[in-house]
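Each chain, written out:
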Amino acid sequence: MQFSIYNFQFAIPPLAVWLSGDTMRTMHASSTAARLKSQGHANESGSLRSRLAGFDARVLASFRRRLIAWYQDNARPLPWRDRSDPYAVWVSEIMLQQTTVAAVVPYFNRFLTRFPTVEKLAGAREDEVLRLWEGLGYYSRARNLHKAAREVAGRRGGRFPDDVAELMELPGIGRYTAGAIASFAFNRPAPIVEANSERAFCRLLGFCGDPRSAAGRKLLWEFASRVVKCKAPGLVNQALMELGATVCTSESPECGACPVRKYCEAHNRGWQHEIPLRARRAAPTSVTEIAVAVHRDGRYLLRKRAAGERWAGLWDFARFGWDERDGKTPSAIAGAVRDAYGLDVVVTGRLAEIRHSVTRFRITLCCFLAEWMAGEIDSKLRGARWIAPRQFDRLPLSTTGRKLARLLGERA
Ligand code: SF4
């Protein structure tokens, strides 16, 4: 077995993973679409075009009026709402990608307290930014946020672009985030299609196809562009997202409480539970990893994970992908540390078993304690250091690394 300090994701051909998920989505989408069609759910481009055309200027004006009135009465009070500061809008939208509102609120408040302006964020060390992001996951978001802040504060003199194309030139800003910043902060008629509005749009139009297909995306972005052409595009976009998040939900759309049910094809036909097509998730893959807290004179071996690795920029204890067939014997674990770091160690005990998930991988992390015996950290390994436990609090650690650090603290 080859031991590697790098993570298991690189041992799995990413193309194969991507293809299998995509193939599964396509197969599932086509089988559900066929079933819907057999039930009389027309999805031909002609009928979709006519549904789109049905949202003419008069219908759209009434649709927006109802939507905005509902939003003004029902919007959840969130710390980034009613702020037209593009910096706050940007931070909140990046945090909300792949993450729930409830999880984001405390992170957003801490982040904005520590970095109230784009200049403050630009002047921070990456370690500090990642430390504040720790536990929120998808760390490339934080690294890109930091890079983009440096660009806005530096090259752009602190001025945020108000145009979608220019915003998309900044690291980590895609079409959706650019639309959110342009419309919320600058009231530009920039369309948005994100998970919540995407679901609502599919239902409003009665679109039975795959919303992530090229045709689906084209249709939904076109609809979003029409809806947002008005005097209050920021408000309309926020209201649509809120509708999807709280009323037109994935599992149980509350059509009875929906302000725009009058215009909804799915509601009118009773399809709201069938649409949108859901991609079947790939079955989770179970993997085992080993983490080793190597101790030497009151300090522990940690390594800053390099660019391109999972959790790049975060610090972690020695960690290895592990083949269960090799057994978790002390000599095999010591051998892994020697191969990866050039250190002779003796494994002195087992600390814990931590279960966690990263994307579709279910990881069992077996944590061991080891004592340094001889050798120096391989000079080719940049980013590995001996660190005292009192410094752990200042460093951004992976979530499991933080758990392991706490366990070591409890034993001290
Ligand atoms: S009527 Fe129902 S399905 Fe249609 S947009 Fe409203 S909540 Fe969603």
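Right above here is the structure, for reference.
Structural notes, computed from the coordinates. (Residues numbered from 1 in each chain as written. Predicted model: local features only at pLDDT ≥ 70, side-chain atom pairs only at ≥ 80, totals over all residues.)

Digging into the overall build of the protein chain
Within the protein chain, the secondary structure is distributed over 16 helices and six strands. Every one of the 412 residues in the protein chain was classed for burial, and the buried ones make up 37%. Pairs at least 24 residues apart make up 69% of the contacts formed inside the protein chain by residues separated by at least 6 positions. (Helix = DSSP H or I, 4+ residues; strand = E, 2+ residues; numbered from the N terminus. Buried ≥ 20, exposed ≤ 12 C-beta atoms within 10 Å, placed from the backbone. Contact = placed C-beta atoms within 7 Å.)

Considerations on helix H13 (residues 233-246)
Between its terminal C-alpha atoms H13 stretches 20 Å, which fits the 20 Å expected from 14 residues at 1.5 Å a residue. For H13, the buried fraction is high: 13 of the 14 residues fall into the buried class. (Expected span 1.5 Å × (residues − 1).)

Observations regarding unusual backbone geometry
With an omega of -5 degrees, the peptide bond running from isoleucine 275 to proline 276 counts as cis. Residue placement: proline 276 occurs in the loop between helix H14 (265-269) and strand S1 (285-296). A positive phi angle is found at aspartate 297, which is not glycine, with a value near 50 degrees. Of note, aspartate 297 is situated in the loop between S1 and strand S2 (299-304). Residue classification places aspartate 297 among the exposed positions, given that 7 C-beta atoms sit within 10 Å.

Thoughts on the nonpolar core
Formed by 105 residues in total, the largest nonpolar core has its most connected members in Val91, Ile181, Val292, Val294 and Val337. Broken down by element, this core gets its largest block of residues, eight residues, from helix H4 (residues 86-96). Sequence-distant contacts of isoleucine 181, that is, excluding residues within four places in its chain, are made with Pro86, Val89, Trp90, Glu93, Phe160 and Leu167. (Core = buried A, V, L, I, M, F, W, Y, C linked by C-beta atoms within 7 Å.)

Here's the deal with the pairing of S1
The pairing of S1 with strand S5 (residues 361-374) spans eleven bridges and is classified as parallel. Bridging across to S5, isoleucine 290 finds its partner in cysteine 366. By the bridge criterion, five bridges tie S1 to strand S3 (residues 315-322) in an arrangement that is antiparallel. Bridge assignment links alanine 291 to a residue of S3, and that residue is arginine 319. Here S1 runs beside S2; their pairing, made up of two bridges, is antiparallel. Looking across to S2, one finds that histidine 295 is bridged to tyrosine 300. Between S1 and S2, which pair antiparallel one after the other, the connecting turn spans two residues, and aspartate 297 there sits at a positive phi close to 50 degrees. (Pairing = 2+ DSSP bridges.)

Side note on the packing of helix H11 (residues 195-205) against helix H12 (residues 214-227)
A packed helix pair is summarised by two numbers, namely the angle formed by the two axes and the spacing between the axes. Two elements in contact, H11 and H12, have axes whose closest approach is 10 Å; the angle formed by their N-to-C orientations is 95 degrees. Comparing their axes, H12 and H11 come out roughly perpendicular. When H11 is examined against H12, the residues Ser197, Glu198, Phe201 and Leu205 are found in contact with a partner set consisting of Leu220, Phe223 and Ala224. In terms of residue class, the contact of H11 with H12 is made up of five nonpolar, one polar and one charged. (Axes fitted to C-alpha atoms, helices over the stretch in contact; angles between N-to-C directions. Parallel < 35°, antiparallel > 145°, perpendicular 65-115°, else oblique. Nonpolar A, V, L, I, M, F, W, Y, C, P; charged D, E, K, R; others polar.)

Keep in mind these numbers describe shape, not what the thing actually does.
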